[in-house]
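# Structural features, examined
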Protein chains: 2
Amino acid sequence: MKNFTIIAIFGITALSLSATASAQVKPEDQIKYRKAAYSFASWNMGKIKANLDGTYNADQVKAAANAIEAVAHSGLGALFGPGTEKAVGDQKTSVKPELFKNGEEVAKLAKDFAAASTELAKAAESGDAATVKAAHGKVGGTCKACHDQFKSR
Amino acid sequence: MKNFTIIAIFGITALSLSATASAQVKPEDQIKYRKAAYSFASWNMGKIKANLDGTYNADQVKAAANAIEAVAHSGLGALFGPGTEKAVGDQKTSVKPELFKNGEEVAKLAKDFAAASTELAKAAESGDAATVKAAHGKVGGTCKACHDQFKSR
């Protein structure tokens, strides 16, 4: 029962995760780790943007796209467990409580992010800046879609 | 000249990065992002450990190993730029000032971490828990080697 919310929100991936590792991560650490994951992804999104706006370095874009894809496929659902709806200890959170009540919508948004990140990684592999730009925009759109609904300002 | 320290510490990867994106990341954000990167890697190291100690889920271990490899190859050297030797704004840091004076040693440690993470990703791909355990231990050793020298307690 403990992992019901996680499972409801993020489906199979979180389910398999909840059976092993996630139960051992304290709510405070879940918040810390999810903020770290998105922050790391954000840095890599910024690097790709800088490459698109400036000199295009294919290797750097590939590494950054791989990083974003790895974040999107790392099972982040396990970091939105019970007790992480609001600040715990030193860890503040800007998640809206609504996220924990809209499992299907959140699962769809997470799936969109994962799919767009894979598309971006493939685009980066191609080395074509225009393709990367389009894919980067799509990933950014999936970030925004979730923030608009479930992140407080 | 501005990026001399970064280049001296992390070599070619950082050099190519410094030419594009890194110059735009403020020192405060560099500290924030590097902490996020290592924290995200740490969560994934913990997941692999939990899989080794409990029920082994090959997909989860693969995703976690890919995440660690992506962090290790993301050009973290660019996040140790001038002005990040000590706390900036809200961002504290536990880096020792010695890191910024030992470029060759740090470059070696970063290279070891990157190589060990690739080995771990390959081990995860194989699905063999014993191989993963050995590779996971090696990655942990590269984390510790750097922390022992350059992270204050």
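Shown above is the structure to which this text applies.
Quick summary incoming for the structure in this document. (Residues numbered from 1 in each chain as written. Chains lettered and ligands numbered in written order. Predicted model: local features only at pLDDT ≥ 70, side-chain atom pairs only at ≥ 80, totals over all residues. Heavy atoms only, no water.)

## Re the relation of the copies chain B and chain A
Its rotation angle being 180 degrees, the transformation that places chain B on chain A also includes 0.0 Å of axial translation and leaves an RMSD of 0.0 Å. The superposition operator between the copies reduces to a two-fold rotation axis. Identified as the residue of chain B closest to the rotation axis by C-alpha distance is Ala36(B), at 2.1 Å. Most of the interface of chain B is mirrored in chain A, where 100% of its interface residues are also at the interface. (Least-squares fit on C-alpha atoms with pLDDT ≥ 70 in both. Contact = heavy atoms within 4.5 Å.)

## Here's the deal with the packing of helix α2 (residues 27-53) of chain B against helix α5 (residues 129-150) of chain B
All names here are of chain B. The geometry of α2 relative to α5 is characterised by a closest axis approach of 11 Å and an angle of 145 degrees between their N-to-C directions. By crossing handedness, the relation of α2 to α5 is classed as left-handed. In this structure, α2 contributes Met-45, Ile-48, Lys-49 and Leu-52 to the contact, and α5 contributes Ala-129, Val-132, Lys-133, His-136, Val-139 and Gly-140. Partitioned by chemical class, the residues of the contact of α2 with α5 number six nonpolar, two polar and two charged. (Axes fitted to C-alpha atoms, helices over the stretch in contact; angles between N-to-C directions. Helix = DSSP H or I, 4+ residues; strand = E, 2+ residues; numbered from the N terminus. Left-handed = near helix turned anticlockwise from the far one by under 90°. Nonpolar A, V, L, I, M, F, W, Y, C, P; charged D, E, K, R; others polar.)

## Section: the packing of aromatic side chains
On inspection of all chains with the given rule, the structure shows nine aromatic pairs over all chains. Their ring planes at 45 degrees and their centres at 6.1 Å tell us that Phe40(B) and Trp43(B) sit as a pair that is tilted. Taken together, the positions of Phe40(B) and Trp43(B), both in helix α2 and three residues apart, correspond to about one turn of that helix. Accessibility classification places Phe40(B) together with Trp43(B) in one group, the buried group. Summarising the aromatic geometry, the rings of Phe80(B) and Phe100(B) are spaced 6.5 Å apart at their centres and angled 50 degrees between planes, so their arrangement reads as tilted. Taken as a pair, Phe80(B) in the loop between α3 (58-72) and α4 (103-126) and Phe100(B) in the loop between α3 and α4 lie far apart in primary sequence, 20 residues in all. The same class applies to Phe80(B) as to Phe100(B), namely buried. Among the aromatic residues, ring-to-ring pairing joins Tyr33(A), Phe40(A), Trp43(A), Tyr33(B), Phe40(B) and Trp43(B) into one connected group. Sitting over the ring of Phe80(A), Arg34(A) keeps its end group 4.5 Å from the ring centre. (Phe/Tyr/Trp six-rings, centres within 6.5 Å; stacked < 30°, edge-to-face > 60°. Buried < 20%, exposed > 50% of the residue type's maximum accessible area, 1.4 Å probe, protein only. Lys NZ or Arg CZ within 6 Å of the ring centre and 35° of its normal.)

## A word on the environment of Gly140(B)
Residues and elements named next belong to chain B. Relative to the helices and strands, Gly-140 is located in helix α5. On the basis of relative accessibility, which here comes to 27%, the residue Gly-140 falls in the partly exposed class. When the C-alpha atoms of Gly-140 and Phe-113 are compared, they prove to be 8.7 Å apart, with 27 residues separating the residues in sequence.

## Things to note about the interface of chain B and chain A
Interfaces are often described in size by the accessible area the parts lose on coming together. Each partner contributes to the interface: chain B provides 31 residues, whereas chain A provides 31 residues. Across the contact surface, chain B and chain A share zero salt bridges. Along the contact surface separating chain B from chain A lie two residue pairs in polar contact (both at pLDDT 80 or more). Those elements giving two or more residues to the side of chain B that touches chain A turn out to be α1 (4-18), α2 and α3 of chain B. In terms of residue count, the dominant contributor to the side of chain B that touches chain A is α2(B) (twelve residues). Class assignment of the residues belonging to the side of chain B that touches chain A gives a composition of 15 nonpolar, 14 polar and two charged. (Salt bridge = Lys/Arg side-chain N within 4 Å of Asp/Glu carboxyl O. Polar contact = N/O pair within 3.5 Å; in protein donor to acceptor, adjacent residues only side chain to side chain.)

## Section: α3(B)
Residue and element names in this part refer to chain B. Its 15 residues place the ends of α3 21 Å apart at the C-alpha level, agreeing with the 21 Å of an ideal helix rising 1.5 Å per residue. Residues of α3 that are buried: Gln-60, Val-61, Ala-63, Ala-64, Ala-65, Ala-67, Ile-68, Ala-70, Val-71 and Ala-72. You can read the cap of α3 off the contacts: a side-chain oxygen lies 3.1 Å from the backbone nitrogen of Asp-59, and it is on Asn-57. (Expected span 1.5 Å × (residues − 1).)

## Regarding the packing of helix α4 (residues 103-126) of chain A against helix α5 (residues 129-150) of chain A
Residue and element names in this part refer to chain A. Between α4 and α5, whose axes approach to 8 Å, the crossing angle comes to 160 degrees. Judged on the interaxial angle alone, α5 and α4 are roughly antiparallel. In this structure, α4 crosses over α5, and the sense of that crossing is left-handed. Between α4 and α5, the residues in contact are Glu-105, Val-106, Leu-109, Asp-112, Phe-113, Ala-116, Ser-117, Glu-119, Leu-120, Ala-123, Ala-124 and Ser-126 and Thr-131, Val-132, Ala-135, His-136, Lys-138, Val-139, Thr-142, Ala-145, Cys-146, Gln-149 and Phe-150, respectively. Its residues assigned to classes, the contact of α4 with α5 shows 13 nonpolar, six polar and four charged. (Parallel < 35°, antiparallel > 145°, perpendicular 65-115°, else oblique.)

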